[in-house]
Amino acid sequence: MRILGIIAARGGSKGVPGKNIKLLNGKPLLQYTSEIALESQYLTAVILSSDDNEIITVAKSLGIQVPFLRPEELAQDTTPTIDVIIHALQWYENQAVFFDAVCLLQVTSPFRTVAFLDRAIEKFISSGCDSLISVQKVPHEYNPHWTFELNPEGNLKIATGEDQIISRRQELPVTYHRDGSIYIMKTEVLLQQHSLYGKSISFIESAPEFYVNIDTLADWKKAEQMIKNNQN
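Predicted model only: the values in this text are computed from it and were never measured. (Residues numbered from 1 in each chain as written. Predicted model: local features only at pLDDT ≥ 70, side-chain atom pairs only at ≥ 80, totals over all residues. Heavy atoms only, no water.)

1. Digging into unusual backbone geometry
Leaving glycine aside, a negative phi is the common case for residues, and trans is the common case for peptide bonds. The backbone phi angle of Ala96 is positive, close to 60°, even though this residue is not glycine. Position of Ala96 relative to the elements: it lies in the loop between helix 3 (81-94) and strand 5 (101-106). (Helix = DSSP H or I, 4+ residues; strand = E, 2+ residues; numbered from the N terminus.)

Below, the structure written as structure tokens:
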């Protein structure tokens, strides 16, 4: 299976200014993701999609291919991720190069391992599903069966639609949330259904001790502390 690895890293980060190439323990944040992507035995090609020349320069120094400059209209705060991926696929198709699937790796999840990435790709291939995402278990206190939303009268109703709330923690079903570390999707699902997920979604569970999704300065400090704890 031909799989295109895409690292998406635009300029203009607001939560952590310049975060994609900001040094984390002496390494640009981008390097953590580029290293494991390049080591994977399953990614046919690994590219960067970016609008920022400084990020592009760093990516090239790390051995990442940068075949194009992402258009400005696809580098906005409101730009859907799927549009960035489809732009990359269409660029390759114009060169008569085709891929069976895409693996999206976000720079904001620096601590995934190459073994974890390759296990995810192996499971995606063997499952035959339209997509695979990395997930974390939802703590029981945030389980959707214990959450509420407003009804038309402005009162609370159980978010999952049941009439009665599940009273015992032990009876709650296991639920997951996507953690942003790995997304893998079939090309045909992306292009034909315009979807990151399709109709069948496989999953791989991330180890909590490796999980951080850097969006704010507090997340950055958490990542620094995780490195410090690991070194100790």
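Let's pick the thread back up.
2. Here we look at the pattern of salt bridges
For the structure shown, the criterion picks out six salt bridges. Here Asp77 and Arg10 are joined by a salt bridge, their closest N and O atoms 2.3 Å apart. Of this pair, Asp77 sits in the loop between helix 2 (53-61) and helix 3 while Arg10 sits in the loop between strand 1 (3-8) and strand 2 (23-24), and the two are 67 residues apart along the sequence. With relative accessibility at 51%, the residue Asp77 sits in the exposed group. A salt bridge links Asp215 to Lys19; the nearest nitrogen and oxygen atoms lie 3.9 Å apart. Of the two residues, Asp215 is situated in the loop between strand 10 (201-205) and helix 6 (217-231) and Lys19 in the loop between strand 1 and strand 2; the sequence distance between them amounts to 196 residues. (Salt bridge = Lys/Arg side-chain N within 4 Å of Asp/Glu carboxyl O. Buried < 20%, exposed > 50% of the residue type's maximum accessible area, 1.4 Å probe, protein only.)

3. Considering the domain arrangement of the chain
Taken domain by domain, the chain holds domain 1 (3-135 + 176-231) and domain 2 (139-174). Computed from C-alpha atoms alone, the centre-to-centre distance between domain 1 and domain 2 is 33 Å. (Domains from an automatic or database assignment.)

4. A short note on the pairing of strand 10
Residues Ser202 and Ile204 of strand 10 are buried on one face, while the alternating residues Ile201, Phe203 and Glu205, pointing to the opposite face, are not. Relative to strand 10, strand 6 (residues 131-137) runs parallel, the two being bridged by five bridges. Bridge pairing in strand 10 links Ser134 to Ile204. (Pairing = 2+ DSSP bridges.)

5. Side note on the nonpolar core
Counting residues in each nonpolar core, the largest one holds 40 residues, and the members touching the most others are Leu43 and Leu48. Of all hydrophobic cores here, the second largest spans 20 residues; its members include Leu4, Ala45, Val102 and Leu190. (Core = buried A, V, L, I, M, F, W, Y, C linked by side-chain atoms within 4.5 Å.)

6. A short note on helix 6
In a regular helix each residue adds 1.5 Å, so 15 residues correspond to 21 Å; helix 6 covers 21 Å between its end C-alpha atoms and thus fits that length. Of all the residues in helix 6, the buried ones are Asp219, Trp220, Ala223, Met226 and Ile227. Down the axis of helix 6, the buried side of the element spans an arc of 115°, and every buried residue falls inside it. Turned more than 90 degrees away from the buried face of helix 6, the exposed residues are Ala218 and Lys221. Residues of helix 6 that are buried make contact with strand 2 and helix 1 (29-39). (Expected span 1.5 Å × (residues − 1). Arc of directions from axis to C-beta. Contact = heavy atoms within 4.5 Å.)

7. Remarks on the sheet that holds strand 4 (residues 45-49)
Taken in spatial order, the six strands of this open sheet run 4-1-5-9-6-10, and their pairing is mixed. Edge positions in the open sheet fall to strand 4 and strand 10, since each of these has one partner strand only. In this sheet, adjacent strand axes meet at a mean angle of 30° when their direction is disregarded. Sheet topology places strand 1 next to strand 4; five bridges connect them, and they run parallel. Residue Ile6 lies in a different strand from strand 4, and its bridge partner there is Ile47. (Axes fitted to C-alpha atoms, helices over the stretch in contact; angles between N-to-C directions.)

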